[in-house]
Amino acid sequence: EVQKYMTVWNYSYDALIYGINTANFDSFEPELKDVITKAAKDAAAFQINLNRQKDVSNVKIMTDKGMEIYTPTADELAKFKAIVAPVYDEFKPVVGADLLAKFQALSK
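Reading guide: rules and limits
Residues numbered from 1 in each chain as written. Predicted model: local features only at pLDDT ≥ 70, side-chain atom pairs only at ≥ 80, totals over all residues. Heavy atoms only, no water. Helix = DSSP H or I, 4+ residues; strand = E, 2+ residues; numbered from the N terminus. Expected span 1.5 Å × (residues − 1). Contact = heavy atoms within 4.5 Å. Axes fitted to C-alpha atoms, helices over the stretch in contact; angles between N-to-C directions. Parallel < 35°, antiparallel > 145°, perpendicular 65-115°, else oblique. Nonpolar A, V, L, I, M, F, W, Y, C, P; charged D, E, K, R; others polar. Phe/Tyr/Trp six-rings, centres within 6.5 Å; stacked < 30°, edge-to-face > 60°. Patch = residues over 30% accessible without salt bridge, like charges linked within 9 Å, V, L, I, M, F, W, Y side chains within 5 Å. Areas by Shrake-Rupley, 256 points an atom, 1.4 Å probe, with all protein chains shown as cover. Salt bridge = Lys/Arg side-chain N within 4 Å of Asp/Glu carboxyl O. Buried < 20%, exposed > 50% of the residue type's maximum accessible area, 1.4 Å probe, protein only.

*Asks:* What should I look at first to understand helix α2 (residues 30–64) in this one?
*Replies:* Residues that lie three or four places apart on an α-helix share one face, since the helix turns once every 3.6 residues. Counted at 1.5 Å a residue, the expected span for α2 with its 35 residues is 51 Å, and the 51 Å between its end C-alpha atoms agrees. Positive backbone phi, at 105°, marks G66, one or two positions downstream of α2.

Here is the structure:
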């Protein structure tokens, strides 16, 4: 109803973040820390799997309703990345070099 076209370009993975106060976590017994850490890793794996399943089903729903979905070729994506590369320099002072490097590593 809202838009007819979509381009899949996988610029970022919008994951859910599990956070816990470090001081509280550090106050727990090692066994409890292990349980919490394992549960967080299990939840992350579940979320990634569910997200990927939903991605496939949502694309099918949209195409079934008439949306045209375009997936760029590897060459097109490489050209796009080259054109927007200067944006990284712009955001380095905003987000920090370390975080930016991690993001860039994930986006390759």
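*Asks:* Even after reading the chapter, I still don't get the environment of M62, so can you show me in this structure?
*Replies:* Looking at the element boundaries, M62 is found in helix α2. Sequence separation of M62 and K33 is 29 residues, and the distance between their C-alpha atoms is 42 Å. If we skip the residues at most four places from it in the chain, M62 touches M6, M67 and I69.

*Asks:* So what exactly am I meant to see when it comes to the packing of helix α4 (residues 86–95) against helix α5 (residues 97–106) here?
*Replies:* In a packed pair of helices, the relevant descriptors are the angle between the two axes and the axis-to-axis distance. It is the contact of α4 with α5, at a shortest axis distance of 7 Å, that shows an interaxial angle of 130°. Taken together, the axes of α4 and α5 are oblique relative to one another. Taking contact as the criterion, the partners of Y88, K92 and V95 in α4 are, on α5, A97, L99, L100, F103 and Q104. For the contact of α4 with α5, a count of residues per class yields six nonpolar, one polar and one charged.

*Asks:* It is not clear to me how the packing of aromatic side chains should be interpreted in this structure. Could you clarify?
*Replies:* Centre distance and the angle of the planes are the two values used to describe a pair of aromatic rings. This structure, assessed with the given rule, holds two aromatic pairs. Between W9 and F80 the ring centres are 5.0 Å apart and the planes differ by 85°, which places this aromatic pair in the edge-to-face class. Here W9 is found in the loop between β1 (5–7) and α1 (22–27), whereas its partner F80 is found in helix α3 (residues 74–84), with 71 residues between them in sequence.

*Asks:* Can you walk me through a nonpolar patch on the surface in this structure?
*Replies:* On the surface, V87, F91, V94, V95 and L99 cluster together into a nonpolar patch covering about 440 Å² of accessible area. Ranked by residue count, the leading element in the nonpolar patch is α4, at four residues. Take V94: it is sitting in helix α4.

*Asks:* What exactly am I supposed to notice about the pattern of salt bridges here?
*Replies:* Any two side chains of opposite charge can pair, on the condition that their charged atoms come close. Scanning the entire structure with this criterion turns up four salt bridges. The shortest N-O distance in the salt bridge between K38 and D42 comes to 2.7 Å. Here K38 and its partner D42 are both found in helix α2, four residues apart, which amounts to about one turn of the helix. A relative accessible area of 42% places D42 in the partly exposed class. Of the charged contacts, one joins K60 and D64 as a salt bridge, the two residues approaching to 2.8 Å between their closest N and O atoms. One end of the pair is K60 and the other is D64, both in helix α2 and four residues apart, which spans about a single turn.

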